[in-house]
Amino acid sequence: MSNDQSPNVPAERDRREAVREKAQQVKAKQARWRIARRSLLGIGAVAVIAVGAVGVSFALNSREARSQAFPDAATDDGFLITSASQVADPLADQTVDGNAATMSAQATPPADEPAPATEPTPEPTATAAPVDIRIYVDYMSAEAREFQTANASQLSKWVGDKAATLTYYPVAMLTSKSNGTKYSLRAAGAAACVATHSSDRFFAYNHELLTNQPAVDSDGYSDQQLADMAQGAGVSDVGTVRDCIEGETYTAWAKAATDRAIKGLPGTKGQALTATPTVLVNGTEYVGNMDDAKEFAQFVLTVDSNAYYSTATPTPSVTPSAPPAG
C-alpha cells in the first residue's frame, strides 16, 4: 500500500502563496506609511523653518531699526534746552539774579568809575551773543549730580533771560558700573526719547535723572522705571515716550554718541571726552569745583566778558593829514 501525499502539495503551495501575498501587502502598506510620515515631517520641518525665518527676520529688522534710530532733536549729539523750568537751589539768592543781570549787561564798567586819563574806555556798539554752555553728563556720575544740583537754578535763569544757550550731551561712560544692566546707556537713550518726543520737558527729566541717580555699582532703574520718571516729569505724549524708552530705541545711538565724544568734542581744538561732567563755556573747559555755583558763575562771567571785549573793540579812526603847502 503506497503512502502517496501528492494531492496535498497544491494546497500547501497555495497557503504559502497566500501568506507571501499577505506579507507583501503589509510591507507595501508599511512602506506607504513611512513615505507619508516622511512627507508630513518634511512639511512640518519646512513650516517650522519658515516660521523661524520669519521670527529671525523680524528680530533682525527690529534690531536694525533700533540701531539706525537717530534722535531728530539732537545736534552734534546734544540737546539744546528750549524750555528750562525753575528748580530749587539753596544758593539761588546768592548767585542767580546778580549774575544773570551782570551777563545781560555784558560786564559794562559802572558809570561812576572815572575813566583812565590816558585812553577812553571803549564804547561797544553791538550786543554780544549769549554765552554758549555745553555739558556732557553720565546719569551715573556723582560729580555730574553735584554740578546739576548746585547750578540748575542759575542755568535755568540764564536760559530764561536769554543770557546763555544751554546744551546737554547724554553719554554712557559708566555703562559697566551697573551689574550688567547697562544703566548709563539706557538712561542716555531714555533722555534722548524725552528730548525727541517732549522737548519742553527735557530739562526737567534731565534734572531728575541727575539729581536722583542710582549709586555706582547698583542695577540702576529699569526701563519701566525710567518711563515712569518721564511721566512724572510731565511729558506730553506719555505713550510714545514710554514705548521709546521701554523699547530702548536710542540706546545704540547713545553708545555711538559716546564713542564719537571720546574721539573728539565738536567745537574744540581736538579735545576728547575723558570724564563727566565735562562743561564747556564758549569752548573753554571749566575745571573748578563742580559743587560751587559761585565759582562756576564767575568762570562764566569771565569767559563771557573776554569774548565780549574781544569782539567789541572799536576800530581806531585815522585823521587825514593836511595837504602840503604849495
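Coordinates for the structure precede this section.
Quick caveat: nothing in here was measured; it's all calculated off a predicted structure.

## Focus: the side chain of Asp 138
Residue placement: Asp 138 occurs in the loop between β2 (131-137) and α3 (142-160). Look at Asp 138: it is buried, it has no salt bridge, and the nearest opposite charge is Arg 145 at 10 Å. A distance of 2.8 Å separates the side chain of Asp 138 from the side chain of Ser 184, its partner in a polar contact. Residues within four places of Asp 138 in sequence aside, it is in contact with Ala 144, Val 171, Ala 172, Met 173, Leu 174, Ser 184, Leu 210, Gln 213 and Thr 276.

## Looking at the nonpolar core
Grouped together as the largest cluster of nonpolar side chains are 57 residues, with contacts concentrated most on Ile 133, Tyr 205 and Phe 296. No other element matches helix α4 (residues 183-197), which puts ten residues into this core. With residues near it in sequence (within four places) discarded, Phe 296 still touches Ile 133, Phe 147, Asn 151, Gln 154, Leu 155, Trp 158, Val 279, Val 281 and Tyr 286. Core analysis: the second largest hydrophobic core is formed by seven residues, Tyr 136, Ala 261, Leu 265 and Leu 273 among them.

## Describing helix α6 (residues 223-232)
It helps to recall that an α-helix has 3.6 residues per turn; residues three or four apart then point in one direction. All buried positions along α6 are accounted for by Asp 223, Leu 226, Ala 227, Met 229 and Ala 230. Along the long axis of α6, the arc covered by the buried residues comes to 155 degrees, so they all point the same way. Among the exposed residues of α6, those pointing more than 90 degrees away from its buried face are Gln 224 and Gly 232. Of the surrounding secondary structure, the elements contacted by the buried residues of α6 are α4, α5 (202-211) and α7 (238-246). Directly after α6, the chain includes Gly 234, whose backbone phi takes a positive value near 90 degrees.

The rules behind these values
Residues numbered from 1 in each chain as written. Predicted model: local features only at pLDDT ≥ 70, side-chain atom pairs only at ≥ 80, totals over all residues. Heavy atoms only, no water. Helix = DSSP H or I, 4+ residues; strand = E, 2+ residues; numbered from the N terminus. Buried < 20%, exposed > 50% of the residue type's maximum accessible area, 1.4 Å probe, protein only. Lys, Arg positive; Asp, Glu negative; His and termini not counted. Salt bridge = Lys/Arg side-chain N within 4 Å of Asp/Glu carboxyl O. Polar contact = N/O pair within 3.5 Å; in protein donor to acceptor, adjacent residues only side chain to side chain. Contact = heavy atoms within 4.5 Å. Core = buried A, V, L, I, M, F, W, Y, C linked by side-chain atoms within 4.5 Å. Arc of directions from axis to C-beta.

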